[in-house]
Amino acid sequence: MASVFENVLKVHQWVYENSGGVVGHRVLFGNPTLLLRTVGRKTGQERTSALTYGRDGDDYLVTASNGGSPRPPGWLANLKAKPECEIQVGRRKMKVVARPTLPDDPDYARRWEIVDKVNQGRYTAYQKLTKRPIAVVVLTPVG
């Protein structure tokens, strides 16, 4: 069943990218989705990930849940190596700087609540599946 869901996510991302953002911002479960474009820390190649997001003022918040896997998603390591990246929200592209936050950050609980609510409690369920603390990544627009 997981592979079916993974394939649906891949198709969603493909449609989002290939429609220029006209289709894909709000598809799966009605959640708002952005495209995160990072540079591979080892390959130097551009990587794109479709991620559910929440808003905290001008910032965008994404969650490095990886479905509750013991390992964080690869895009998190890419952001730690090079925090300057790009996001696309619908048809709008913008440069951002990424900052991962963990439970020791004073704003983490508030940010977690924002993203978990947008994702209808799934992040709380994912956190129960793993011992690693799941990072909430703050994406701050530049300029």
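The preceding data block contains the structure.
These figures come from a predicted structure and were not determined experimentally.

**A closer look at the overall build of the protein**
In step 1: Scanning the protein from N- to C-terminus turns up 4 helices and 7 strands.
In step 2: Written out in order from the N terminus, the α and β elements of the protein read α-β-β-β-β-α-β-β-α-α-β.
In step 3: Expressed as a percentage of the 143 residues in the protein, the buried residues total 43%.
In step 4: Considering only contacts within the protein whose residues lie at least 6 apart along the sequence, 61% involve residues at least 24 apart.
In step 5: Carbon and sulfur atoms make up 55% of the accessible area of the protein, which amounts to about 8100 Å² in all.

**Remarks on the packing of aromatic side chains**
In step 1: Taken as a whole, this structure holds 4 aromatic pairs when the rule is applied.
In step 2: Pairwise contacts between aromatic rings join Y108, W112, Y123 and Y126 into one cluster.
In step 3: Sitting over the face of the ring of Y60, R55 holds its NZ or CZ atom 3.9 Å from the ring centroid.

**Comments concerning the layout of surface pockets**
In step 1: Here the second largest pocket defines a volume of roughly 210 Å³.
In step 2: Lining the second largest pocket are 14 residues, and of these P72, P73, L76, A77 and K80 lie nearest its centre.
In step 3: A total of 4 residues in the lining of the second largest pocket trace back to one element, the largest contributor, which is helix α2 (residues 74-81).
In step 4: Taken together, the residues of the lining of the second largest pocket break down into 9 nonpolar, 1 polar and 4 charged.

**Description of α2**
In step 1: Within the span of α2, buried status applies to W75, L76, N78 and L79. Along the long axis of α2, the arc covered by the buried residues comes to 160 degrees, so they all point the same way. Seen from the open side of α2, the exposed residues pointing more than 90 degrees away from its buried face are K80 and A81.
In step 2: Close packing links the buried residues of α2 with β1 (33-39), β2 (46-52), β4 (59-63), β5 (84-89), β6 (92-101) and β7 (136-141).

**Some words on the packing of helix α3 (residues 108-118) against helix α4 (residues 122-129)**
In step 1: As a packed pair, α3 and α4 sit with axes 7 Å apart at the nearest point and diverge in direction by 110 degrees. When the axes of α3 and α4 are compared, the pair comes out roughly perpendicular. For the pair formed by α3 and α4, the contact residues are W112, V115 and D116 on the first element and R122, Y123, T124 and Q127 on the second.
In step 2: Of the residues contributing to the contact of α3 with α4, the split by class is 3 nonpolar, 2 polar and 2 charged.

**Considerations on the nonpolar core**
In step 1: Within the largest apolar cluster, 19 residues are counted, with the highest numbers of intra-cluster contacts made by L34, L36, W75, I87 and L139.
In step 2: Those elements that place two or more of their residues in this core are β1, β4, α2, β5, β6 and β7.
In step 3: Sequence-distant contacts of L34, defined by excluding residues within four places in its chain, comprise Y16, S49, A50, L51, Y53, Y60, V62, I87, Q88, V89 and L139.
In step 4: With 9 residues, the next largest nonpolar core counts Y108, Y123, Y126 and I134 among its residues.

Definitions and cut-offs
- Residues numbered from 1 in each chain as written.
- Predicted model: local features only at pLDDT ≥ 70, side-chain atom pairs only at ≥ 80, totals over all residues.
- Heavy atoms only, no water.
- Helix = DSSP H or I, 4+ residues; strand = E, 2+ residues; numbered from the N terminus.
- Buried < 20%, exposed > 50% of the residue type's maximum accessible area, 1.4 Å probe, protein only.
- Contact = heavy atoms within 4.5 Å.
- Areas by Shrake-Rupley, 256 points an atom, 1.4 Å probe, with all protein chains shown as cover.
- Phe/Tyr/Trp six-rings, centres within 6.5 Å; stacked < 30°, edge-to-face > 60°.
- Lys NZ or Arg CZ within 6 Å of the ring centre and 35° of its normal.
- 1 Å grid on protein atoms, 1.4 Å probe; cavity = no way out; pocket = protein on both sides within 12 Å on 5 of 7 lines; lining within 4 Å.
- Points joined across faces, edges and corners; volume = space filled by probe spheres on them.
- Nonpolar A, V, L, I, M, F, W, Y, C, P; charged D, E, K, R; others polar.
- Arc of directions from axis to C-beta.
- Axes fitted to C-alpha atoms, helices over the stretch in contact; angles between N-to-C directions.
- Parallel < 35°, antiparallel > 145°, perpendicular 65-115°, else oblique.
- Core = buried A, V, L, I, M, F, W, Y, C linked by side-chain atoms within 4.5 Å.

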